[in-house]
Structure formats: C-alpha cells, structure tokens
Amino acid sequence: MAGIGTRGVEAVGGYTIVRREPLERLEGAFIELVHERTGARHIHIECTDDNNAFAVSFPTVPKDSTGVAHILEHVVLAGSRRFPVRDPFFSMTRRSLATFMNALTSSDSTTYPFSTRNAKDYMNLLLVYLDAAFFPLLEEDSFKQEGIRFEFEDPADPTSGLRYKGVVFNEMKGALATPQAAMQRNLGRTLFPGLTYANVSGGDPEHIPDLTWERLRRFHAEHYHPSNAYFYTYGNQPLDRTLAVIEESALSQFERFAIDTTIANVTRFSKPVASVEHYSAAAGEDNSRKAQALVGWVTVPAVDSFRLLSMRVLSEVLLGNSGSPLRKALIDSKIGSALADGSGFQDDYKETVFGAGLKGIAIDDAHKVEAVVLQTLERLAADGVDQAQVDAAIHRLEFEKRERSNAGYPYALKVLFTLLGAYQYGGDAYTALNLDADLEHLERARMEGRFFENLIAAELVDNQHRALLTLEPDPDLEERKRRRELERLAAVERTLADSDRAGIVADALRLKNAQEAKQDIAVLPSLELGDIPMHFEDVPSRQIKIGPATVEFFPLPTNGITYIDIRSDFSALRRDLKNLLPLFSRVFTQTGAAGQDYVQIAARIAGYTGGVGAAPAVQPLAAREDYLQSFYVSGRALDRNIGPFVDLLTDLTGRLEIEASRLKEVIDESATRLESSISGLGFQFAILRATSKLSSEGAINDGLQGIGMLHEVRRLARLSQGELGDVITRLVAIRTALFRQDTVHIIVTCEESMIDPIAERLQGLVGALPVGGANGHVEKPDALGAVPEARTTPLPVAFNVRGFKTVRYTHPDAPALLVLANYLRDTFLHRELREKGGAYGAMAQASTGSGTFYMASYRDPNVTRTYDTFDRAATWLVESEVAEDALKEAILGACGDVDPLESPDIKGRREAGNRLTGFTRRERERFKERLLEVTAADLGRVAAKYLARGRHVDTTVAGPQLVEAATRERPGLFEVVAPV
C-alpha cells in the first residue's frame with residue numbers, strides 16, 4: 001500500500017501509525033493511526049476487497065429524550081458549507097453507485113458510513129460526508145423540517161388548529177409503537193438509571209418538542225469535532241490518498257479540543273429491581289396473554305474482549321437454538337410461547353446486557369417466568385453445562401469469522417460494526433476482529449474445569465444488578481398519547497397572540513417555498529453515465545446428474561465454506577397445502593427426523609452448520625406473464641463438516657418426523673412472534689396486500705408473507721394439540737410432494753476442490769428420496785379484489801401504498817419504468833411526502849420482474865393528503881418538463897438497482913435462479929444498455945400509459961384514529977376491512 005507499506009515508516013502526513021497487525025482472515029492488515037494535531041483516531045482495514053468503505057463515528061451521549069442526537073443526524077445531512085444545497089445526502093444517492101449510504105444513531109454514538117466499488121464514487125462521497133459532518137449549515141428551517149415545528153392543520157389558516165410537524169417526530173411515533181421498542185426503553189431506564197442509556201436517543205415524541213434549534217447547534221459543537229471522531233476505512237483504496245483528503249477537507253481546520261463523552265459505569269444494585277412498561281395493543285381483542293417478562297442483567301464490560309467472548313458463547317449455549325437449555329426450559333414451562341424481546345446478549349452498551357424471558361404470557365405470570373429463568377440457571381451452575389453445546393457455540397463463532405458475506409450489510413460494514421464498540425469504549429479493536437488469542441484462552445480455561453458454570457454463577461445467579469422487566473399490552477395507550485399531545489398543543493395555542501399565529505403561518509409558507517425552490521445541485525460531485533460498468537461478472541458452473549436429479553456446481557472462492565440450496569416446485573400443491581408452506585418452513589428445522597427429536601436435530605444444526613433454513617419463493621419470469629413456485633432448503637457449512645452437513649439435509653428432506661406436541665409449540669411460538677411484530681410489519685403487509693390485487697403471484701405472496709399468512713397462522717393457533725392430526729397429515733404430504741428425485745434441483749456453491757467429494761456425498765441424499773409421482777395440475781390463484789382497502793393496527797402513523805400493473809423485464813417499456821420510479825421518488829415524492837408531509841419515507845418502486853409499480857409512504861402522519869399526492873404524481877410528470885440532470889441521476893440510480901453487491905454465498909444461488917427464470921447475463925446486460933437509452937419522452941410516455949391512465953389499487957395499514965379520520969374526511973376512500 002502506497003505510503004505506509006515500507007519497513008520502518010511510522011507516519012503518514014499528519015498521522016502517526018500506532019499499530020499495524022496482520023489480519024489473516026482478510027489476507028490483509030489492521031492499521032491504527034492517530035492524527036497528531038486534533039487527536040482524531042483512524043482504523044484502516046487493508047485488504048483486496050474492491051468494495052471500499054468509509055465511516056466517521058462520534059460518541060454522542062444525550063442527557064434527555066428530546067432526540068437531539070438523532071435529529072442532528074438528519075440536519076447534518078441537509079446542507080453543508082461546501083455543498084450548500086437543501087438535501088445533499090439524498091441528492092448523492094442518485095449521483096452515485098454506492099453499495100451502502102446511510103447515517104445511524106445508536107444509544108451512545110452517531111455513525112456516517114458508506115461503501116462503493118467505484119474509485120471515483122468513493123472520493124465523491126468522501127468529500128460530501130466530511131463536509132456534512134464537520135461543516136454542516138444547521139439551518140433553522142432544516143431543524144424545523146427534520147425535527148419539530150409548529151404548523152396549523154391548514155398551514156395557511158391560523159384558526160385550523162395547532163399541530164406538531166417534523167420527519168423525526170413522525171418517525172419516532174412509529175418506531176416507539178412496537179413491543180420491541182418498549183422493552184428496550186424499559187431495559188435502558190431500569191438497568192442504567194441516570195446514564196445516557198436511560199434516555200431514548202432517537203427521541204420520544206412527548207419530549208421532542210422540548211428541543212430547540214440553539215440546543216441542537218450546541219450539541220453539534222460539543223460532539224462533532226475531530227477530537228471526538230473515530231474514522232474507519234476498508235478496502236483496496238490507497239490509505240495515504242484517503243488520509244490526505246480527510247486532512248485537507250476537514251482536519252486541517254481544527255485544533256485539539258478537550259471533549260468528555262465518557263459514560264460512567266452504572267452503580268450496581270444491592271438487590272434486584274422490577275419495572276413495568278406499557279405498549280400499544282389493538283382495542284377489542286383478547287390481550288390477556290400478550291404480556292412479556294424479561295429477566296435482564298448488566299454483565300461484563302464491552303472493552304474486556306475475553307469476558308465479552310465468554311458471555312457471547314454462554315448466551316449461545318443458553319438460548320441459541322430450540323434445544324438450548326434455558327430456551328427449552330422457558331418454552332417447556334408453557335407460561336408463554338416465545339422468547340421475550342430483548343432475550344440474548346447485547347454488547348452495544350458500554351457494559352453489556354444479558355436477558356431471557358417469555359412473551360405471550362398472562363400479565364400476572366411475570367414472576368413465574370423469573371422463577372424458571374433463575375432455577376434453570378442455578379441448576380446449570382450446579383449440575384454442569386453440556387460441553388457439546390459449548391463446542392457448537394464456539395463452532396458458530398469460527399464460522400462467522402470465516403464467512404465473508406455481503407448479505408444484509410456489505411461485509412466492509414460488518415467489520416466496522418464488529419470493532420466499533422471496542423474502538424469507541426477504549427478497548428482493543430484489533431482483538432475484537434481477531435478472536436484467535438481469546439479463543440485459545442477460552443479453551444485453556446475450559447480445560448481447567450467448570451468455567452461456564454462459574455460464569456453463570458458470577459454474572460447471572462449471584463449478580464444482584466438484575467431487573468424483572470414486564471411489558472403489558474394497553475389498548476388505550478395511543479389514544480391517551482394523542483389526547484395529551486392535543487391538550488399540550490391547545491395550551492400553547494391559547495397563549496398565542498395574533499402576531500405569533502401570523503409568524504407560524506409565515507414560517508410554514510417560507511418553508512414550503514424553500515422546499516419547492518429549484519436547487520442548484522451542480523456543486524455536488526457526480527458519476528457520469530460513462531462511469532457505469534456495463535458488464536456483469538460471468539459465473540461459470542458445472543452441471544451433473546445424480547440419478548434423475550440435477551446438481552449444479554458453482555466453483556467460487558468461498559473461504560472454505562460450502563453453500564447448498566435444494567430447490568423444488570410447489571406449483572402442483574393444493575391451495576390448502578400452499579397455505580401451510582410458511583408453517584412447513586418453520587417445522588422443517590424445528591422438529592425431529594430419522595428417529596431423533598427436535599433437540600438432537602437442533603444440536604446437529606448448531607454443531608455442524610452455519611445454519612439451515614427453508615422458505616417458499618415466487619420467482620417471476622423475465623419474458624412472459626408467469627412465475628415459478630419454488631421451495632428452497634438452504635444451508636451452509638465449513639468444508640470439513642460436509643459429511644455431517646449432507647447427512648443432516650438427507651434426514652430433513654427424506655425422514656422428517658412431526659409430533660403433535662412439538663408442532664403445537666412451533667405454531668404457538670410463530671403466532672406469538674407475529675402478533676408482537678405486527679406494528680413493525682405494517683409496511684410489508686401494505687405492499688403485499690396491494691400487489692395481491694394486481695396479479696396471481698401477488699396473491700400467492702400475500703398468502704406466504706402477508707396478511708393472508710398472518711390469518712392462517714392465527715387459525716392454526718386456535719387449534720388444540722388434539723386437533724392437529726389433519727395438519728400433520730398435510731405437512732407430511734407437502735414433504736413427500738416437494739422432495740422427490742426427479743423434481744429436486746440442487747445448487748452447490750463451493751471451492752473447486754470440493755466438487756467431487758460433495759457430489760459423492762449427494763448421491764446418498766438423492767438416493768434417500770422417493771422416485772416418480774405425478775406433479776398434477778398447476779394451481780394459480782386469481783388476483784384479489786381491487787377494492788381500496790384499509791387495515792388498522794395499534795400505530796400512530798400510516799403506511800399507504802398505491803400499485804399499478806405494468807410490464808415484464810424484456811418488454812421495451814420496462815427500463816423506462818425503472819428510471820421513472822427513481823425520477824418520481826427523487827424529484828416529486830420525496831419533496832411532497834417527506835419534506836412537506838412529514839412522512840419518514842417516500843418511495844416509488846418498479847418491479848420489472850413481476851410487472852408492477854407502486855408508490856408508497858412510510859411512517860406517514862397523513863392518509864388523504866398522501867393519496868392526493870399519489871393522484872398528482874400520476875399526472876405531474878406528464879404535465880411537466882423532465883430535467884436532464886435529474887434524468888441522468890435517475891438512470892444512474894436504476895443502474896445501481898440492477899447491479900447489487902454480491903458475495904460468493906449469494907452468487908451461485910442468484911445465478912441459478914436467473915437462468916431458471918430467463919434473467920440471463922445477456923438479458924441483464926441488454927436491459928442495462930436500454931436503461932442508458934431512456935429519454936425524457938420515454939418517461940412521459942410510460943407515466944401516461946401506466947400511471948395516469950392505468951388501473952390502480954390502494955392499501956393502507958394505519959392506526960385506527962388515522963383510518964377513522966380519513967374515512968370521515970373522504971367517505972369511500974377505501975373499505976375498512978378489519979384490523980390486521
């Protein structure tokens with residue numbers, strides 16, 4: 001690496017290298033530096049990965065729940081000294097091919113990360129991020145738009161009623177309405193009294209109005225300084241060039257500054273405590289068994305890498321799978337039906353937390369849950385921990401260390417999240433990445449005997465810093481909050497003089513004019529269309545036959561891991577069997593097989609694999625109005641475990657055994673998890689229900705993942721154990737129909753050297769499956785009725801979706817529709833729904849695979865206003881002139897959409913699916929070529945054809961007050977079907 005690769009060099013520019021260590025797992029190096037003048041810290045991960053990443057993170061320790069750190073994160077990205085445009089962050093998302101761009105506020109820090117595979121893009125984004133973080137404009141209007149402001153119901157009418165408006169205000173209304181958020185709030189204020197963790201760093205809507213613009217600016221000055229900055233870079237970009245840009249663009253303009261963002265250790269309790277928190281529940285439903293109880297402890301410091309590793313292993317042993325002793329004891333107690341939110345080990349606090357408990361309990365049963373937890377831990381401390389379970393937990397760590405996956409987050413940022421706690425809390429960031437020394441220490445400690453038994457005693461059984469955290473459902477909570485908010489506003493309004501009212505109206509008008517003003521974004525750096533890579537990577541394969549079964553090998557550098565996907569077709573299943581596929585997917589890995597019970601199967605999964613899962617998938621075809629109905633079994637394992645891995649898959653696919661009592665547990669756990677997650681699933685449910693009204697494949701997806709699936713799970717949960725015989729018969733019929741020698745297609749992604757031994761092993765798997773059997777009639781449902789639909793759920797916000805039927809991938813209009821989605825989102829919906837309307841998210845999405853298009857709002861305080869906006873959006877583009885620079889940006893964004901970041905674990909599976917469905921490499925390259933040819937006229941034409949004149953469907957999932965207000969304001973807007 002230029003600048004620091006030579007022996008003996010200790011400095012680069014204004015930086016001193018304080019540590020350089022090898023990182024064998026990445027075939028690279030860990031380099032830690034300090035900027036001499038400002039004290040800024042920097043960690044660079046030098047490796048061959050071309051997906052380069054950057055982040056700057058600031059410890060931010062709010063002293064209240066006004067959301068100052070979170071709102072500042074938004075306002076920082078709303079214009080800076082060098083880039084004085086209203087929204088440079090969102091503008092850069094469409095001038096870039098970034099594989100990740102975001103900003104993240106946690107309980108004690110704020111981080112600004114990005115990653116990209118394009119070297120020019122990397123430098124463009126680096127400049128924008130540095131200027132945003134260190135030299136933001138922090139304008140008052142940005143604070144009012146993103147954070148909080150007064151505005152009248154009708155902004156121009158001072159008699160229409162005073163209201164709070166603001167993007168974060170509405171975002172947090174939705175975010176805090178879930179049981180998960182209520183549990184975290186309860187945990188923070190109870191286990192960490194008086195510390196920053198006792199506050200809601202994202203902001204509590206009851207306290208956000210207390211924040212002022214002046215306080216926000218002070219918080220930035222106190223926290224966003226190089227002396228409080230932790231930089232991170234990753235990849236194959238020359239470090240010296242990156243450091244020079246950071247120096248010139250930011251650090252050279254600062255001097256070292258004394259900043260104290262340390263967080264004190266919590267004062268430990270002398271005896272355990274208890275706390276109750278309420279969460280929003282649906283009115284009119286039976287909430288008698290919707291409480292939760294979590295027993296939580298503050299355990300080891302996050303900076304102690306060995307103790308941290310030990311607790312991670314212990315948590316995996318206790319709760320990691322259905323056969324784990326504490327998890328099994330809780331479920332077997334029948335007090336509840338699923339693990340409570342917050343169960344497991346949380347290392348994103350300065351002092352870590354372990355929790356265990358149950359959801360789906362009666363309100364009065366919290367102490368029973370506590371008793372099960374404590375008695376089980378006491379028994380394990382006395383009688384001993386199963387060492388095979390410890391081995392399995394350590395195996396999982398080894399697997400995670402070896403796998404380099406871009407699934408979920410880019411791997412470059414997974415590395416950042418792994419080391420960030422140790423980095424900012426003053427620990428050893430290198431050790432956080434390189435576990436070898438601590439794993440060796442752990443093995444020595446285990447050999448000395450009773451290590452984990454002593455750990456259970458010290459950190460859990462005898463640890464008095466413990467709390468019993470209870471969540472209770474409250475169907476009136478949202479209504480009480482709404483009334484308190486209106487009463488507070490009414491009290492403020494009574495104090496307003498006429499001049500105050502006029503000022504609020506003038507502020508709203510000025511903000512509206514600023515939002516509508518044309519921005520000169522030419523100051524922002526941008527990629528050009530010529531920077532877009534036009535070719536997709538060739539993914540070679542080798543196909544063989546094992547009997548009648550097809551096996552497709554994709555030899556790739558997987559770092560010693562083998563990925564196996566077994567595809568079958570469920571199109572011939574009867575409708576009643578298709579309805580059971582979500583349950584079958586869970587049962588597949590949660591029950592017994594080949595004479596072993598579910599505990600033994602769980603032990604095999606944990607001990608020999610990196611995970612096994614099963615799920616149905618609806619795969620649209622590229623060239624015609626049709627789709628595949630696929631069922632996938634997917635698993636991964638270290639190469640050394642290929643034998644037991646394939647043996648496990650053989651038993652699951654060919655010898656699955658379903659027992660009524662275990663099936664009842666799985667059904668109840670699934671139902672409880674779903675019921676407690678409904679508030680967080682509103683957007684998914686709204687989109688799936690809208691698309692179910694457009695096409696047959698949408699209708700199937702709704703039954704597999706949406707409201708249809710939820711209703712089927714509820715139906716199953718009402719059955720007693722004695723009534724499950726027919727369900728078991730149908731689940732067995734599903735397995736028999738799916739897994740046959742002549743219908744399975746096995747996809748293997750592995751190292752070249754593993755192909756022959758895996759092929760040999762797979763002969764046993766295929767041989768264990770039955771042969772033949774008619775597929776039968778392919779059944780495809782009709783699209784659901786097109787009636788506009790609203791569903792209620794206990795939320796103070798709305799998810800609104802409008803969908804359109806369009807065309808498939810190979811149709812000449814498909815590229816223009818994808819560009820249109822980007823253009824409409826960036827130039828119209830973002831402004832109208834987010835900036836003006838206060839919704840947290842505004843989307844337009846063209847699914848060129850399924851031939852659908854939708855517009856949507858996320859955590860939206862509005863319903864009728866949003867549908868009016870959708871109406872205007874359909875004709876706005878037809879009636880307006882398309883800006884050439886915005887068209888270019890929309891094309892750039894569309895090119896990024898069709899070229900996602902991949903890694904070996906994804907490539908083989910995706911390539912096999914692409915070949916099956918007609919999304920071949922040549923078709924994808926042709927589609928990209930056609931994207932570059934899209935014109936302004938094309939956008940106007942497809943907008944008129946498919947949006948302005950096309951049939952649309954509407955679905956809203958929202959709080960009952962919002963739905964009631966919308967139907968009162970506009971009768972007939974939609975049919976209120978039922979609660980979700």
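Heads up: the structure comes first, above all this text.
Read on for an overview of the structure.

Thresholds, definitions, all that
Residues numbered from 1 in each chain as written. Predicted model: local features only at pLDDT ≥ 70, side-chain atom pairs only at ≥ 80, totals over all residues. Heavy atoms only, no water. Helix = DSSP H or I, 4+ residues; strand = E, 2+ residues; numbered from the N terminus. Expected span 1.5 Å × (residues − 1). Buried < 20%, exposed > 50% of the residue type's maximum accessible area, 1.4 Å probe, protein only. Contact = heavy atoms within 4.5 Å. Phe/Tyr/Trp six-rings, centres within 6.5 Å; stacked < 30°, edge-to-face > 60°. Pairing = 2+ DSSP bridges. Axes fitted to C-alpha atoms, helices over the stretch in contact; angles between N-to-C directions. Polar contact = N/O pair within 3.5 Å; in protein donor to acceptor, adjacent residues only side chain to side chain.

1. Some details on helix α30 (residues 884–897)
Part 1: Between its first and last C-alpha atoms α30 spans 20 Å; for 14 residues at 1.5 Å apiece the expected length is 20 Å, and the two agree.
Part 2: Burial analysis of α30 places 10 of its 14 residues in the buried class, the great majority of the element.
Part 3: Turning to α30, its buried residues number three or more, namely Ala-886, Leu-887, Lys-888, Glu-889, Ala-890, Ile-891, Leu-892, Gly-893, Ala-894 and Cys-895.
Part 4: Check the buried side of α30 and you find it contacts α28 (814–836), α32 (921–932) and α33 (936–948).

2. Observations regarding the packing of aromatic side chains
Part 1: In total, this model carries 39 aromatic pairs according to the counting rule given.
Part 2: Here the aromatic rings of Phe-192 and Tyr-349 are separated by 5.1 Å at their centres, their planes lie at 25°, and the arrangement is stacked. Of this pair, Phe-192 sits in the loop between α6 (179–191) and α7 (213–223) while Tyr-349 sits in the loop between β15 (344–346) and β16 (351–361); the two residues are 157 residues apart in sequence, bridging distant segments of the chain. Take Phe-192 and Tyr-349: they sit in the same class, and that class is buried.

3. Some points on the environment of Gln-519
Part 1: Within the secondary structure layout, Gln-519 lies in the loop between α18 (498–516) and β18 (542–546).
Part 2: Residue classification places Gln-519 among the partly exposed positions, given a relative accessible area of 27%.
Part 3: A sequence separation of 242 residues divides Gln-519 from Glu-277, and the C-alpha atoms of the two residues are 46 Å apart.
Part 4: In contact with Gln-519, other than residues within four places in its own chain, are Val-85, Arg-86 and Ala-514.

4. With respect to the sheet that holds strand β19 (residues 549–555)
Part 1: Across the sheet, which stays open at both edges, the six strands sit in the order β18-β19-β25-β20-β23-β22 with mixed pairing between neighbours. Looking along the sheet, the strands with just one partner apiece sit at the ends: β18 and β22 (611–620). With strand direction ignored, the average angle separating the axes of adjacent strands in the sheet is 20°.
Part 2: Of the pairings in the sheet, the one linking strand β20 (residues 561–569) to strand β23 (residues 627–638) comprises nine bridges and is antiparallel in character.

5. Some thoughts on the environment of Pro-62
Part 1: Inspection of the secondary structure puts Pro-62 in the loop between β5 (52–59) and α1 (68–76).
Part 2: When the C-alpha atoms of Pro-62 and Asp-885 are compared, they prove to be 40 Å apart, with 823 residues separating the residues in sequence.
Part 3: Ignoring anything within four residues of it in the chain, the contact list for Pro-62 reads Val-68, Ser-107, Thr-196, Asn-199, Ser-201 and Phe-219.

6. A word on helix α3 (residues 119–134)
Part 1: In a regular helix each residue adds 1.5 Å, so 16 residues correspond to 22 Å; α3 covers 23 Å between its end C-alpha atoms and thus fits that length.
Part 2: For α3, the tally of buried residues reaches 13 of 16 residues, placing the bulk of the element in the interior.
Part 3: One side-chain oxygen of the residue at the start of α3 lies 3.0 Å from the amide nitrogen of Lys-120, identifying that residue as Asn-118.

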